[in-house]
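Remarks on the overall topology
Each chain, written out:
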Amino acid sequence: MSTPLKVAVTGAAGQIGYSLLFRLASGALGDRPIELRLLEITPALKALEGVVMELDDCAFPNLTAVEIGDDAEKIFDGVNLALLVGARPRGPGMERGDLLSANGAIFTAQGKALNAAAADDVRIGVTGNPANTNALIAMTNAPDIPDERFSALTRLDHNRAISQLAAKTGASVNDIKKMTIWGNHSATQYPDVFHAEIGGKNAAEVVGDQAWIENDFIPTVAKRGAAIIDARGASSAASAASATCDAARDWLNGSAEGDWVSMAVRSDGSYGVPEGLISSFPVTTKDGNWEIVQGLEIDEFSRARIDASTAELAEERTAVTELGLI
Ligand code: NAI
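Position numbers for residues count from 1 along each chain, tracking the sequence in the order it is written. Predicted model: local features are reported for residues with pLDDT of at least 70 only, side-chain atom pairs are reported and counted for 80 or more only, and whole-chain, interface and lining totals are derived from all residues.

The name an unreviewed UniProt entry gives the protein chain is Malate dehydrogenase, with Nocardioides daedukensis as the organism. UniProt positions are given in the numbering used here, feature names are shortened, and annotations may be inferred rather than shown by experiment. Per UniProt, the comment on the protein chain under Catalytic activity (unreviewed entry) is "(S)-malate + NAD(+) = oxaloacetate + NADH + H(+)". Entered under Sequence similarities (unreviewed entry) in the UniProt record, the comment concerning the protein chain runs "Belongs to the LDH/MDH superfamily. MDH type 2 family."

Encoded structure:
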């Protein structure tokens, strides 16, 4: 048996964790042995023990070990992949600054613990919100880990955009390629169909309905999270877990030939996105590395939307800088 991939999941007793752990253990990252290392806050450890009992009861052939705990440095010891899902949700009366500072404390500590304990080849995916800025905080607090090993999840938005486009055009999701989410994982995100393809043809041309793109598609994708809370009475969890798996699998194993994926990664200034922000881009991945797709033409419509979302990211960066988190 090859050496197990050591995968840390934080917030493992939460909603997303309840779906994610079973997907990881049953082969979402490929047919390979895997060890799960699960971090929770102390009061949630008992619930997490119950989840581990269920993992045991699945008798997953590739799940070699499960470790749980509330000490980040112990849980992150030697991990090759860290999926940072646990975060502090916005509570009643909580201002944005309170939220940023509560999460800042979590991601500062976890960045430091990863820096101290993770394997040399670690890749870190942040799902917990505000994901982009949480990733920026963790990255800044892990000076020995290369910046390109951090990303924030916009794959759920990417998958939502593909699904909406498939429903509109009657195409199969398999025929839709080169979807892009630009910017922040928030309502300002910009799902871009102008570079996407359906069956090899330009998606915007196939749709042929600018009003739908502007007034229906973009807001539906950007506000899908709120629509799910409205319908389900709880935030998206299974789809977020699925997207977390998709993103990790493609990062480690490579994106498909002739296609790209959306990932929020450290900007090198490409497409005018201020350097250093963790912003979503079209990327290709290979052997655990990503590259921003270059050379796409950005028209005025797209420019304005990318700028609005990255301006929000810049504001978040200023706020966490003022809070002394980075
Ligand atoms: P949840 O509230 O059900 O679970 C979060 C878990 O994190 C809880 O069990 C909590 O005890 C744990 N936790 C809190 N602080 C922790 C810490 N310092 N260390 C370890 N664990 C800690 O939330 P759910 O639904 O699982 O969502 C998790 C996060 O994912 C939220 O921030 C949510 O907004 C975000 N999310 C992100 C999406 C994306 O596309 N990027 C999509 C959906 C959710």
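1. Quick look at the pairing of strand S3 (residues 63-69)
With 6 bridges connecting them, strand S2 (residues 34-39) and S3 associate as parallel partners. Across the sheet, glutamate 35 pairs through a bridge with alanine 65, a residue of S3. With helix H2 (residues 45-58) bridging S2 and its parallel neighbour S3, the resulting β-α-β unit is right-handed. Pairing between strands requires that DSSP locate at least two bridges from one strand to the other. In DSSP terms, a helix is any run of H or I states spanning at least four residues, a strand is any run of E spanning at least two, and both are numbered starting from the N terminus. Clockwise travel from the first strand over the helix to the second, with the strands pointing away from the viewer, marks a crossover as right-handed.

2. Concerning the UniProt feature "binding site: NAD(+)" (unreviewed entry) in the protein chain
In the numbering adopted here, UniProt assigns the feature "binding site: NAD(+)" (unreviewed entry) to Gly11, Ala12, Ala13, Gly14, Gln15, Ile16, Gly17, Asn103, Gln110, Thr127, Gly128 and Asn129. Within the secondary structure, threonine 127 is located in the loop between strand S5 (123-126) and helix H5 (131-140).

3. A closer look at the site of the ligand
Each residue gets a C-beta atom placed from its backbone. If that atom is within 6 Å of a molecule or strand, the residue is near it. Within the structure, the ligand sits among 28 residues, and Gly11, Gly14, Ile16, Gly86 and Ala87 are positioned closest to it. By residue number, the principal contributor to the shell around the ligand is helix H1 (residues 15-25), which donates 3 residues. Residue type decides the class: Asp, Glu, Lys and Arg count as charged, Ala, Val, Leu, Ile, Met, Phe, Trp, Tyr, Cys and Pro as nonpolar, and the leftover types, Gly among them, as polar. Of the residues contributing to the shell around the ligand, the split by class is 14 nonpolar, 12 polar and 2 charged. Per the annotation, domain bounds derive from an automatic or database assignment of domains. Looking at the shell around the ligand, you find at least three residues from each of domain 1 (5-152) and domain 2 (155-316).

4. Things to note about the sheet that holds strand S7 (residues 176-177)
Two pairing modes exist for strands in a sheet, parallel and antiparallel, and in both the strands are linked by backbone hydrogen bonds. Here 3 strands make up an open sheet; going across it, the order is S7-S10-S11 and the pairing antiparallel. Looking at the sheet topology across the chains shown, the edges are occupied by S7 and strand S11 (201-202). Looking at chain direction, strand S10 (residues 197-198) and S11 are connected through 2 bridges and run antiparallel. Counterpart to isoleucine 198 in the pairing with S11 is lysine 201.

5. Quick look at the pairing of S2
Of all 6 residues in S2, 6 are buried, a share of seventy percent or more. Exposure is read from a count of other C-beta atoms within 10 Å of each residue's own; the residue is exposed at 12 or fewer, buried at 20 or more and partly exposed in between. C-beta atoms are placed from the backbone. Across the two faces of S2 the burial is the same, with Ile34, Leu36 and Leu38 and Glu35, Arg37 and Leu39 all buried. Strand direction decides the pairing type here: strand S1 (residues 5-10) and S2, joined by 6 bridges, are parallel. Bridged to valine 7 within S2 is leucine 36.

6. Focus: the UniProt feature "binding site: substrate" (unreviewed entry) in the protein chain
Per the UniProt annotation, the sites labelled "binding site: substrate" (unreviewed entry) are Arg90, Arg96, Asn129 and Arg160. With the annotated positions falling across 71 residues, the maximum pairwise C-alpha distance of 25.7 Å shows that they are not confined to a single cluster. With respect to the helices and strands, the residue arginine 160 is situated in helix H6 (residues 155-169). C-beta crowding within 10 Å serves as the criterion here: with 22 such atoms nearby, arginine 160 is assigned to the buried category. With C-beta atoms placed from the backbone, a contact is any residue pair whose C-beta atoms sit within 7 Å. In contact with arginine 160, not counting residues within four places along its chain, are Val221 and Arg224.

7. Quick notes on the nonpolar core
By definition, a nonpolar core groups buried Ala, Val, Leu, Ile, Met, Phe, Trp, Tyr and Cys residues that are joined through C-beta atoms within 7 Å. Counting residues in each nonpolar core, the largest one holds 91 residues, and the members touching the most others are Val7, Val9, Ala82, Leu114, Ala135 and Ala138. A total of 7 residues in this core trace back to one element, the largest contributor, which is helix H10 (residues 238-253). Residue-level mapping places this core at the junction of two domains, with at least three residues from each of domain 1 (5-152) and domain 2 (155-316). Sequence-distant contacts of valine 7, defined by excluding residues within four places in its chain, comprise Leu24, Ile34, Glu35, Leu36, Arg37, Val79, Leu81 and Leu83.

8. A word on helix H4 (residues 96-117)
The span you would expect from a helix comes to 1.5 Å times its residue count less one. Helix length check: H4 (22 residues) gives 31 Å between terminal C-alpha atoms against 32 Å at 1.5 Å per residue, within 8%. Where H4 is concerned, the buried positions are Leu100, Asn103, Gly104, Ile106, Phe107, Thr108, Gln110, Gly111, Ala113 and Leu114.

9. A closer look at the packing of H1 against H10
Relative to each other, H1 and H10 sit at 40 degrees, their axes nearing to 8 Å. When the axis of H1 is compared with that of H10, the two are oblique. The interaxial crossing formed by H1 with H10 has right-handed handedness. In this structure, H1 uses Ile16, Ser19, Leu20, Arg23 and Leu24 to contact H10, whose residues at the interface are Ala238, Ala240, Ala241, Ser242, Thr244 and Cys245. Its residues placed into classes, the contact of H1 with H10 shows 7 nonpolar, 3 polar and 1 charged. Throughout, an axis means a line fitted to C-alpha atoms (over the contacting stretch in the case of helices), and angles, computed between N-to-C directions, take values from 0 to 180 degrees. Any angle that is under 35 degrees is reported as roughly parallel, and any over 145 degrees as roughly antiparallel; angles of 65 to 115 degrees are reported as roughly perpendicular and all others as oblique. By definition, turning the near helix anticlockwise from the far helix through less than a right angle yields a left-handed crossing, and turning it clockwise yields a right-handed one.

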